Every structure is written in structure tokens, then in C-alpha cells.
Amino acid sequence: MPSLDLHADPVALTAALVDIFSVSEQEKVIADTVQAALQAQAPHLEVIRNGDAVLARTNLGRPSRVLLAGHLDTVPVNENLPVRREGTGDDEILHGLGTVDMKSGDAVFLHLAAALREPRHDITFVFYDCEEIEATKNGLGRIERELPEWLRADLAILGEPSNGGIEGGCQGTMRIEIRVDGVRAHTARGWMGVNAIHGLAEPLRRLAEYTPRVVDIDGLTYREGLQATKIGGGVAGNVVPDEAVLTINHRFAPDRSPEDAEAHLREVFEGYDVKIVDLSPGALPGLSAPAAAELVAAAGGKAVAKLGWTDVARFAALGIPAVNFGPGDPTLAHTRQENVRAGEIRQVAAVLREFLS
């Protein structure tokens, strides 16, 4: 089993974590390694295991609790392992799978877990599995069902990449299908049929002319979106298609409930059969909560909206204010070019150390 030095520079710790293969559903080795390191090097923490998730916490009786959460899994390897390091100092660049999403964030949290013996908030650390695949397998969902008391906190910080800045809340996401029926016929006698693909012209026109909302919530700007992502239809090159399906993704601001978002889409596509095939609610930023406001101040007083969906929504659903805060550029996540700057890792660690101690 690999070993980790939790007292090392979090940059070195990032490199060590990246070199531990942990594609989704294959996290046992990294979970074993993290558990062993915490038990040996952070004796002040209560440490438990749940599946391939590792949980640790202080029990100091502080009046507030902060939860730091990071997933241990990665997307599949894309010719980007092992880690490759170039440069020196804070300008050093770490290249490799998981450097951004999100082993640099995990490294910061593990370093703090060992270093902070007397934090001013009680702290819970959650290193979980299966975030990069379907939501039903997400380790946080299993922990919520089996160990709900471990997810109680006054603030949750998710170490997802945020360019080293605070990202508040997240967008909701909804995927719908619009199905159009036609009548099959030979293309040589097309007038005898009804082309279902042609029937999608009107919903596509509505999409092209759609103006998404721009919403200000707690001083953060959320931009909504409505995009066609897939079209399916047709059975042969000489047959008028009798069925066509248009798939659309809606990203909605967290001031809309899922019910509001659904009603909006049914209004936009009035006259068509709208079927919801995937839905995840958004999360309000919650930056007015005392602990969240303190964190924003420690990070320089600025925060931006999270454009996308993350597991902060799971914490928001539990009534816990939650933010994204981690090193790395999120646009590099899941790419072969994934890389993170050493100075950003150290910056995030310094901000959290100041906030927690």
C-alpha cells in the first residue's frame, strides 16, 4: 500500500495522491491509504470507514462545526498518469489525472487534518467515493443514508476546483426530451408520410431565439442556459422517419425550484410532449451565514457564482450553507491537459488554515 506524509507540503501530498490510481469504483487502495495515514498521523481525530469513504472529525465541543468534503475518485485515465512536475516554487506546475479534480483539494484537507490540533471550529473531514459517475452511487448519498450525524455542520466546504476563489451555491440542472411523432413512408413518396425530424424545427427555433435569465443572488451573478444536446430519429436512408427525439439541457439559477424550472420549460415548449429524464436541484449561496461570511473574508472578501452543478447541492438540501473552494481551473477537469499551479494549492491551504485556526 502507498504511504502519505500528511505533514508534508500539500503540493508534495497532491503529487502522492495523483499517483494512486482511483478511477470511480476502484477507490479501495486510495481509501485504505488515506485511512491509514489519518489513523497514524492525526490521533486527535475520530476516524471511521464507510465503504470506500473515509470520515474523520474533531470532538472538541466547539460552538460551530465546519465540514470539509472531497471525492477520492477520478474519471478514467487519458494518458495522464503518473504525475509530471515542472518548474520550481509557487510557479511549479503539476500535470496529471486528478491534479484539478480534485486531489489537490483532498491534499489540502488531509494536510489540515493532521496540522490543526486545536481549531476554533470543530471540523469534519469527508473523503468519499464515486462522485464522477451516476448520482445513485455517490458516496455522499450513502453516508447521508447510513451515517447522517456525520454530515451535520454549520458550513460545508467542497474542495472542487474554483481557481482558488470562493464559489457560492450552484446551478440546478434538468434534462428533458421532446418527442415528435410522424408517419413512415418511402422517401420517393415523401408526401405520403410525415417527417418527425422536420417536426422538430419549431422547438429548435424556440431554442435559437431563447434569451436566458441572468440573476443576482446575494451579490452573485448566475447565468441560466437552455441548450439542445442531442437529436435522435430515422431508421434508414430511404425512409421518412416516424419518430424524432430532441434532448435539451436546462441550467437554472438556484432561486428556481425544480418545480419552477419544469413549469418554465413546459411554458417554453407549450404544445409539445416534455419528458423529464434527469434533474438535480441547485443550491443557494448562503453566504450570509456567519461561518460562510468569515470564510469569504478570509479569502479576500470576494465570491462568485458557481456555474455548474456540484455536491454543494446535497449539503444545501440538508440546510447547510455550502461553498466550492479548491485549487485548480475547473475548465481543465476531465481533460488530458489537467494541471494545477503549486502556488494555488498553498494559497487555498493558507486561507483555510487562517479561517479554521
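Anything mentioned here points back to the structure above.
It should be emphasised that the depicted structure is a prediction, and the values quoted were computed from it without experimental measurement.

(A) The arrangement of the sheet that holds strand E9 (residues 172-181) in detail. Spatially, four strands are ordered E13-E15-E9-E16 in an open sheet, and the strand pairing comes out antiparallel. Whereas interior strands pair on both sides, the edge strands pair on one side only; in this sheet they are strand E13 (225-233) and strand E16 (273-280). For this sheet, the mean angle separating the axes of adjacent strands, direction not counted, is 20°. Strand direction decides the pairing type here: E9 and E16, joined by seven bridges, are antiparallel.

(B) Representation of the nonpolar core within the structure. In terms of nonpolar packing, the biggest core is built from 63 residues, with Val34, Leu38 and Ile157 touching the most fellow members. The contact partners of Val34, leaving out residues within four places of it in the chain, are Leu4, Leu17, Val54, Leu72, Leu110 and Phe127. Counting 21 residues, the second-largest nonpolar core is a separate cluster that includes Leu67, Ile143, Ala153 and Ala283.

(C) Summary view of the environment of Leu318. In this fold, Leu318 is placed in the loop between helix H8 (312-317) and strand E18 (322-324). Apart from residues lying up to four places away in sequence, Leu318 is in contact with Glu144 and Leu151.

(D) Main features of the sheet that holds strand E1 (residues 46-50). On the basis of which strands lie adjacent, the open sheet formed by eight strands has the order E1-E2-E6-E3-E7-E18-E8-E17 and mixed pairing. Only two strands of the sheet have a single neighbouring strand rather than two, namely E1 and strand E17 (303-305). Between one strand and the next, the sheet's axes are offset by a mean angle of 25°, whatever the strand orientation. Where strand E3 (residues 65-71) meets strand E6 (residues 122-128), seven bridges bridge the pair, whose relative direction is parallel. When the sheet's bridge partners are listed, Ala69 is paired in E6 with Val126. Along the sheet, helix H7 (residues 290-298) makes contact with strand E7 (155-158), strand E8 (166-168), E17 and E18, crossing E7 at roughly 40°.

(E) Representation of the packing of helix H1 (residues 10-18) against helix H3 (residues 99-115). Closest axis-to-axis distance for the H1/H3 pair is 8 Å, and the angle between their directions is 125°. Viewed along their axes, H1 and H3 adopt a mutual orientation that is oblique. Handedness of the H1/H3 crossing: right-handed. Residues Pro10, Leu13, Thr14, Leu17 and Val18 of H1 form the contact with H3, whose participating residues are Thr99, Lys103, Ser104, Asp106, Ala107, Val108, Leu110 and His111. Classifying every residue of the contact of H1 with H3 by side-chain character gives seven nonpolar, four polar and two charged.

(F) Examining the pairing of E6 more closely. The element E6 is extensively covered by neighbouring structure, given that seven of its seven residues are classed as buried. Burial along E6 is two-sided: Asp122, Thr124, Val126 and Tyr128 facing one way and Ile123, Phe125 and Phe127 facing the other are all buried. With four bridges joining them, strand E2 (residues 53-57) and E6 adopt antiparallel strand pairing. Residue pairing for E6: Ala56 is matched across the bridge by Phe125.

(G) View of the side chain of Arg57. With respect to the element layout, Arg57 can be found in strand E2. In this structure Arg57 touches His44, Leu45, Glu46, Arg65, Ile123, Thr124, Glu149 and Trp150, once residues within four positions along its chain are discounted.

(H) Up close: the pairing of E3. Counted residue by residue, E3 has seven buried out of seven residues, so it is predominantly covered. Neither face of E3 is open: one carries Arg65, Leu67, Ala69 and His71, the other Val66, Leu68 and Gly70, and all of them are buried. Note: E3 against E7, four bridges, orientation parallel. Directly across from Leu68, in E7, lies its bridge partner Ile157.

(I) Inspection of the packing of helix H2 (residues 28-41) against H3 at higher detail. It is at 10 Å that the axes of H2 and H3 come closest, and there the two elements cross at 20°. Overall, the two elements H2 and H3 adopt an arrangement that is roughly parallel. Of the two possible hands of crossing, H2 and H3 adopt the one that is right-handed. Contacts between H2 and H3 involve Ile30, Val34, Leu38 and Gln41 on the former and, on the latter, Lys103, Leu110, Ala113 and Ala114. Taken together, the residues of the contact of H2 with H3 sort by class into six nonpolar, one polar and one charged.

(J) Spotlight on the pattern of salt bridges. Overall, the coordinates contain 29 salt bridges when judged by the stated rule. Residue Arg175 pairs with Asp278 through a salt bridge whose shortest N-O separation is 3.6 Å. Remark: Asp278 occurs in strand E16 and Arg175 occurs in strand E9; sequence separation between them is 103 residues. Arg175 gets classed as partly exposed once you look at its relative accessible area, which sits at 33%. The exposure class assigned to Asp278 is partly exposed, which follows from its relative accessible area of 31%. A network of salt bridges, in which partner residues are shared, links Lys28, Asp32, Arg49 and Asp52.

(K) Layout of unusual backbone geometry. Put simply, Leu81 and Pro82 share a cis peptide bond, and its omega is 0°. Summarising the element assignment, Pro82 is placed in the loop between E3 and strand E4 (84-86). Here the residue pair Asp101 and Met102 is connected by a cis peptide bond, since its omega of -10° sits within 30 degrees of zero. Positioned with a positive phi, Glu25 is a non-glycine residue whose angle comes to about 75°. Note on placement: Glu25 falls in the loop between H1 and H2. Even without a glycine there, the phi angle at Cys130 is positive, about 60°. Turning to its location among the elements, Cys130 is positioned in the loop between E6 and helix H4 (139-146). Judged by relative accessible area, Cys130 falls into the buried class, the value being 7%.

Rules and cut-offs
- Residues numbered from 1 in each chain as written.
- Predicted model: local features only at pLDDT ≥ 70, side-chain atom pairs only at ≥ 80, totals over all residues.
- Heavy atoms only, no water.
- Pairing = 2+ DSSP bridges.
- Helix = DSSP H or I, 4+ residues; strand = E, 2+ residues; numbered from the N terminus.
- Axes fitted to C-alpha atoms, helices over the stretch in contact; angles between N-to-C directions.
- Core = buried A, V, L, I, M, F, W, Y, C linked by side-chain atoms within 4.5 Å.
- Buried < 20%, exposed > 50% of the residue type's maximum accessible area, 1.4 Å probe, protein only.
- Contact = heavy atoms within 4.5 Å.
- Parallel < 35°, antiparallel > 145°, perpendicular 65-115°, else oblique.
- Left-handed = near helix turned anticlockwise from the far one by under 90°.
- Nonpolar A, V, L, I, M, F, W, Y, C, P; charged D, E, K, R; others polar.
- Salt bridge = Lys/Arg side-chain N within 4 Å of Asp/Glu carboxyl O.

From the geometry alone we can't say anything about function, so treat these as descriptive.
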